[in-house]
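Single-letter residue listing:
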Amino acid sequence: MTATLETTSTAETPARIEPRDVTFKIRRFIPEIDEEPHWEEYVVSAYPTDRVLDALMKIKGEQDGTLTFRRSCGHGICGSDAMRINGRNRLACKTLIKDLGTGDITVEAIKGLPLEKDLVVDMEPFFAAYRAVKPFLIPEGHEPTKERLQSAEDRAIFDDTTKCILCAACTTSCPVFWTDEQYFGPAAIVAAHRFIFDSRDAAAETRLEILNEKEGVWRCRTTFNCTDACPRGIEVTKAIQQVKRALIFRRV
Ligand code: SF4
Ligand code: F3S
Ligand code: FES
């Protein structure tokens, strides 16, 4: 007897996802031409699962090659494409069109750093604050002949702040930083936190003194914008509070 193969399926074919025309309002500024930034509109055919970065690349490739923005990895690792999308700091490569509602999408440069061109800002003040907190291991004693051991419990204390990709989304969403760019800003404090609480490091006191200065942690008003903006989900405000507490109790 010959077996018969049943191929009939009762499952419905999934609905086909269609692209739609999305209007992007981009705040443009070309210093050689413009006196002030201004908004320009571009209509892009995009799928809901496209990212804002995909749309920006499409605009640059097909409509206006002068549109300028930073990006590198395209996958949320390098931290180079933080921008203000629909009024909130996000990474363009991690933001899906479908998560931005059905209306127009606004895109502008992050705030508080000097605007260079279109969506590109001068990151130097941001990295100057980062360098100022000595974001590297400063151990005691001579060069070791084997690895410096650390317990899992000690490593867990600063695990969250190791995830930072230096995108500046936190610092440039902070209202204190907007009005005072001398403020170290949350990203620099996160970088300091990562070493202050590292049991292998011997320079916690130095970093705490740096952050005890007028433009250090005490400028933070616990606004939480930084925590909301962080694409890595780092509890930025909590880290800042831990540094404040360490300064008060000097127990690190
Ligand atoms: Fe970006 Fe988060 Fe690091 Fe701030 S703490 S620079 S938002 S990754
Ligand atoms: Fe600014 Fe974050 Fe403090 S937004 S005020 S650094 S909690
Ligand atoms: Fe690297 Fe977005 S392009 S984080």
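Residues numbered from 1 in each chain as written. Chains lettered and ligands numbered in written order. Predicted model: local features only at pLDDT ≥ 70, side-chain atom pairs only at ≥ 80, totals over all residues. Heavy atoms only, no water.

Q: Describe the site of ligand 1, and please don't skip the residues or the numbers.
A: The environment of ligand 1 is formed by 13 residues, the closest being Cys164, Cys167, Ala168, Cys170 and Cys230. Along the lines of polarity and charge, the residues of the shell around ligand 1 split into 12 nonpolar, no polar and 1 charged. (Near = heavy atom within 4 Å. Nonpolar A, V, L, I, M, F, W, Y, C, P; charged D, E, K, R; others polar.)

Q: Explain helix 6 (residues 204-211) to me, and be specific about the residues and the numbers.
A: Those residues of helix 6 lying buried are Ala204, Arg207, Leu208, Ile210 and Leu211. The buried residues of helix 6 all sit within an arc of 160° when viewed along its axis, so they share a single face. Among the structural elements, helix 2 (124-132), helix 5 (186-196) and helix 8 (236-249) are those in contact with the buried residues of helix 6. (Buried < 20%, exposed > 50% of the residue type's maximum accessible area, 1.4 Å probe, protein only. Helix = DSSP H or I, 4+ residues; strand = E, 2+ residues; numbered from the N terminus. Arc of directions from axis to C-beta. Contact = heavy atoms within 4.5 Å.)

Q: A description of a nonpolar patch on the surface should follow, citing residues and the corresponding values.
A: Taken together, the side chains of Trp218, Ile248 and Phe249 define a hydrophobic patch exposed on the protein surface, amounting to about 330 Å² of accessible area. Mapped onto the secondary structure, Trp218 falls in the loop between helix 6 and helix 7 (225-229). For Trp218, a relative accessible area of 36% gives the class partly exposed. (Patch = residues over 30% accessible without salt bridge, like charges linked within 9 Å, V, L, I, M, F, W, Y side chains within 5 Å. Areas by Shrake-Rupley, 256 points an atom, 1.4 Å probe, with all protein chains shown as cover. Salt bridge = Lys/Arg side-chain N within 4 Å of Asp/Glu carboxyl O.)

Q: Tell me about the nonpolar core, residues and numbers included.
A: Phe24, Ile26, Leu56 and Leu211 are the most contacted members of the largest nonpolar core, which totals 66 residues. For this core, the leading source of residues is helix 5, giving 7 residues. Not counting chain neighbours up to four residues away, the residues in contact with Ile26 comprise His38, Trp39, Glu40, Tyr42, Leu56, Ile59, Leu67, Val107 and Leu119. (Core = buried A, V, L, I, M, F, W, Y, C linked by side-chain atoms within 4.5 Å.)

Q: How would you sum up helix 8? Please name residues and give values.
A: The terminal C-alpha atoms of helix 8 lie 20 Å apart, and with 14 residues this matches the ideal 20 Å at 1.5 Å per residue to within 8%. Every buried residue belonging to helix 8 is among Val236, Thr237, Ala239, Ile240, Val243, Lys244, Ala246 and Leu247, and all of these are buried. As for helix 8, its buried residues are in contact with helix 5, helix 6 and helix 7. Looking one or two residues beyond helix 8, the residue adopting positive phi is Arg250, at roughly 45°. (Expected span 1.5 Å × (residues − 1).)

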